Every structure is written in C-alpha cells, then in structure tokens.
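Here is what each chain is made of, one letter per residue.
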Amino acid sequence: MIKITQKDNKKFVEIAEKRATIRPFRDNSERDIRKRIVKIKGEGWKAFSYFCYEYFPHIFQLPFSTGHEEAFDYVEKYDGINAVSGYRGMGKTVELGIVYPIWKLIKGESYVIHVASDEELATERTAFTYNELSQNTRLMNDFPELMPIDSDESDFFLKNKARIRARGIKQSIRGTINPRTAKRPGIIICDDIDKEDNIGNQTIGRRKMSKIIKECGGALDPSGGKVIWLGNLVHPNYAICQFEELIKDEIKASDDYQETDFDVYNIQHLFGDDKFLLRFPVEDKEGNSVWEEQYPTSSLPNLKKKFGLTGYLQEFIGKSVIEGNMFKYHWFKKWKVLPKKFRRVWLYADPAWGKKGCFKAIISIGYDGYHFYVIHCWIRQTENSKFFKYYYDAFNELNRKYGAKFRASMETVFGQDRVIADMDTWLKENNYPTIGYRIKKINTRENKNLRIERSDTTIETGKILFPDGQDTPTLISQYCTYPDGYVDGPDATVGCLERFGEYDLGRGRVRVRSFRN
C-alpha cells in the first residue's frame, strides 16, 4: 500500500503506471459479474476489503493490518466528523480517501467532495478518482454506470448522475448540492488540509478546523453523511492537532470525567460529540510493529535513526512534538513515583482573568532536596467555575497530605487579586469552606519571557520532573513553541518554581546574610 502525501504526489503517477497492468477478470460471464457485485454490495469489512483486493491490485499489494480494518469500521459506522491520523506509509489516503468513496458510490452515494489545502491539491485527488473510473478495466467492466461523462477532472458527473468535486479549504462549501439528484454531499474527504505555513500561526490551523467542523459538517446531507478528515499529528498549530485538543477538552469538561480513572493522553482513540479522532502509531505498547509486512519490527530502530527522535515521534507515533528554538522536547523528563516526603510543596495558579483566549493554569510542585516534582499540571481554556473547583480540590489534597509543609499561592498582577474573592464567593455558594485567607498573593512585575527563559537549565538538566499524563503534553507543547503561541503553562510553572528558595540558588544566585551591629 502506498501513502499519498502532499510532499510526494509523484506517488499518484506511480500508481497510474501500475494501473495499466491490470488485466480483466478471467471469469467474466454475466453470472460471474453478478456474484462479484453481490459480494461488493455486502456490508462491512469483508465486502470492502474484497473490493480493494479485486479491483485495485495495483494499490493494495500487502495484507491489511488490524488498524486498517479498525479505521474502516469506525468510519463506516459513524456519521459526523470522522478524523483519522496514522503513521507515514499506513495508506490512509488510498484506503479511506480514494477507494472508500468509490465503494460508497457503488452502494448508492450520489455526491462526494474532496477538500484539500487548495483546489489544485484537491483536484489531484479527484483526477486520480477520475482516472480509476475511466481506465481501470475491472471497474469499467463491472460498473459501467460509474464512467465519468465530463472532461473536467475537478468537478464531474458519472453516468449514474453521481457527482465528484474538488474544493480548496478556503472555497465555499456551504449549501452545495448535486443538481441532478437534488442531494447534498454524503461524503466529504478532507485530506492534506495542513501546510507548513500553519506551523508559525495557530490562527490558521484553528480557522481551518472551524471550517471543517462548521461548514463541511453543515454541508452534509441531513439524512446522514460524514466528513472523513485524514491527517498527521505533526505540529500543535496544525488544524488536526487543534481538533485533537478540542476533543480532549470536551472529554475533560464532561460531568462523568474522572482524571484519576481516565487519562485522555494515554488512550488511543478520542470520541467527542458527533466527532472522533482515531490515532494509529506504528508501534504497539510493547514496541512491536503494528504492520509487519510494511514495517518489520526489526526496521523500527533504523526509522528512528533516519528521522531522528522528533521526526519519528511526529511521523510514526503521532505525537505533535516540536524541536523548539529554546526548549527541546527530549529535555522534559517524567517521574514514575513521587517521593514519600517533600521538604516543601507549593501550589500556584495563573487565573488568566480578563485575558481573552488564554489558558488558565494550576501547577503544584514538591521539592525533596534533589529534584522538583510537578504534582499537579492543569492548563485549560475553560470557565472560572472549573478553575475554582480544581484549585480547591488540589489545595485540599496537598494540605491533607503535606500539612505544614504545604503553601498555596496565586498570581494577582493586573488586578487579578479579585479572583481570590470571586473564588471564595463561589465556594460559599456551593457549600465549600473558603480558602482565600490561606492563599499568598504573587504580584510579579518582572518580564515574563525572561522568567521563562531562566528555567531552561532546570529543565534541561532534569532538575524538574513532570507527570506522565494530566495536561503535561499541553505544557510541553507551550514550552517547545516558545516564544510563539501561548505561554500560560510555562509562566505558571516558573511562578511555582520561584516560590522555592532552592530554585533561585540553583540558578546561580547567591544569598548574602545581613549582619547588623
């Protein structure tokens, strides 16, 4: 199976060359054709995989992996926004972006739209489909009704009145119909939506994500339809990575979410409201390949060497890590077990009051005399009530566990001290005891960037250790994109570290005792 990427579109040419080698079926009587059509029009993976192998032998030359079947099952079962990310070479585009829509056309779909970062790239998908329908001898023989009747490969009709169209993500999709069937699209394929110009601009990715969810999703046929969004989780600013964060936030905002029981960062697939994201890494939990025929387990070390740690994590594991300008992904070490005792524990919060679009952040850190351990890591774009509740729960947990060694604080610069009063009011209204009198107000006027940059040695040397889970991926992402993007998590982390005298000493400062006569 061949992976089609924006950077390597010559693969389409390679497949086209192999298409010419397809021979008609040996058994080709009317009875044989009817038998094949019955199999293809069946339901589920058995029918679809049969269609792939029998009609596209030039594409599907290896056995499928369990991930291919799993991706198909979810996409086939659910309507809505169906996103699929997977390792390089998995073949998402040909399986779900090209052949699946053709299979659905056979089963009655009448309008398919291919969307990409621009119309030219989308047209490469529709042109590939056009050529399969008009040159693949097996398709032409058994399904003559799928023959294109137009010459425009970017927007054409088939003999059975179905329509296939290419659109760029910036072009309008709202309200489009197939005029020959009066139907809205039942399938919209969004592939290669992200381009490298997203990397430096979070707004571009967010705008594309919103376009897919609202406009593409809203353009679907009311009787049922699906957006199949194919992409790679390469950079946090990419639209599909922001979609990933959106679903995580939906899960964490649900009433039945328990952080101790369910960690959204350590599960494979994410399901939100009328949307999901399937994530397929090349390795299983034991480090073995999930598709031996394409990537033998013995070849994985060579892939890591070839692409480097960051590239391997991005392209094959599906982690949107960044080799930052200042902070590097591999600097961030994780703790496995917290020490039983700490010399001091601090809780720190940045309420981001009045800062539109910023993240509220709550960080707690314990110091055992050797390392700083991040105990709580909570970084969210959310309402104040959830901020108040998490801070209150973390306060009580730490106070109960560490007693006199525990201190609480909150950033109060630029009038944010009123947040403490607002929290106490909220606690009273919800029958909780107030804690505002126990919170130390931190009014730091020093330049935020300088404070963040001073933490580089502490992180690089492994002096500070982070939890595996919670909102640590968000924190690391903000560090690695520094100075671009949001820095609320790093700012809160440094604010908490600065509560410890040992942190200042570790930064090379010298305290001078004052002697009076």
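All of the points below concern the structure found in this document. What you are looking at is a predicted structure, and each value in this text was computed from that prediction instead of being measured.

Quick look at the pairing of strand 12 (residues 372–380) now. The element strand 12 is largely enclosed, with a buried count of nine among its nine residues. Two elements, strand 11 (residues 360–367) and strand 12, share eight bridges in a ladder whose sense is antiparallel. Its bridge partner being in strand 12, Ala361 is matched across the sheet by Ile379. The turn joining strand 11 and strand 12, which pair antiparallel and follow one another in sequence, is formed by four residues; a positive phi near 100° is taken by Gly369.

Closest axis-to-axis distance for the helix 3 (residues 44–55)/helix 5 (residues 92–106) pair is 11 Å, and the angle between their directions is 105°. It follows from the interaxial angle that helix 3 and helix 5 lie roughly perpendicular. Where helix 3 approaches helix 5, its residues Gly44, Trp45, Ala47, Phe48, Phe51 and Cys52 are matched on the opposing element by Glu95, Val99, Tyr100, Ile102, Trp103 and Ile106. Class assignment for the residues of the contact of helix 3 with helix 5 results in 10 nonpolar, one polar and one charged.

A full pass over the atoms with the stated rule returns 45 aromatic pairs. Look at Phe72 and Tyr100: their rings are 6.0 Å apart centre to centre, the planes differ by 75°, and that puts the pair in the edge-to-face class. Remark: Tyr100 occurs in helix 5 and Phe72 occurs in helix 4 (residues 66–77); sequence separation between them is 28 residues. Judged on exposure class, the residue Phe72 and its partner Tyr100 are both buried. With a centroid separation of 6.1 Å and an interplanar angle of 75°, the aromatic rings of Tyr87 and Tyr295 are classed as edge-to-face. Pair noted here: Tyr87 is in the loop between strand 1 (80–86) and helix 5 and Tyr295 is in the loop between strand 8 (275–280) and helix 10 (300–317), with a separation of 208 residues, a long-range link. Aromatic ring contacts, followed pair by pair, group Trp45, Phe48, Tyr53, Phe60, Phe64, Phe72, Tyr100 and Trp103 into a single cluster. Above the face of the Phe25 ring, Arg138 is positioned so that its terminal group lies 4.4 Å from the ring centre. Positioned above the aromatic ring of Phe157 is the side chain of Arg180, whose terminal nitrogen or guanidinium carbon lies 3.9 Å from the ring centre.

On to the side chain of Glu244, then. On the secondary structure map, Glu244 appears in helix 9 (residues 239–253). Judged by its relative accessible area of 5%, Glu244 falls in the buried class. There is a polar contact of 2.6 Å between the side chain of Glu244 and the side chain of Arg279. Contacts of Glu244, omitting those with residues within four sequence positions, involve Leu233, Leu270, Leu277 and Arg279.

The rules we used
Residues numbered from 1 in each chain as written. Predicted model: local features only at pLDDT ≥ 70, side-chain atom pairs only at ≥ 80, totals over all residues. Heavy atoms only, no water. Buried < 20%, exposed > 50% of the residue type's maximum accessible area, 1.4 Å probe, protein only. Helix = DSSP H or I, 4+ residues; strand = E, 2+ residues; numbered from the N terminus. Pairing = 2+ DSSP bridges. Axes fitted to C-alpha atoms, helices over the stretch in contact; angles between N-to-C directions. Parallel < 35°, antiparallel > 145°, perpendicular 65-115°, else oblique. Contact = heavy atoms within 4.5 Å. Nonpolar A, V, L, I, M, F, W, Y, C, P; charged D, E, K, R; others polar. Phe/Tyr/Trp six-rings, centres within 6.5 Å; stacked < 30°, edge-to-face > 60°. Lys NZ or Arg CZ within 6 Å of the ring centre and 35° of its normal. Polar contact = N/O pair within 3.5 Å; in protein donor to acceptor, adjacent residues only side chain to side chain.

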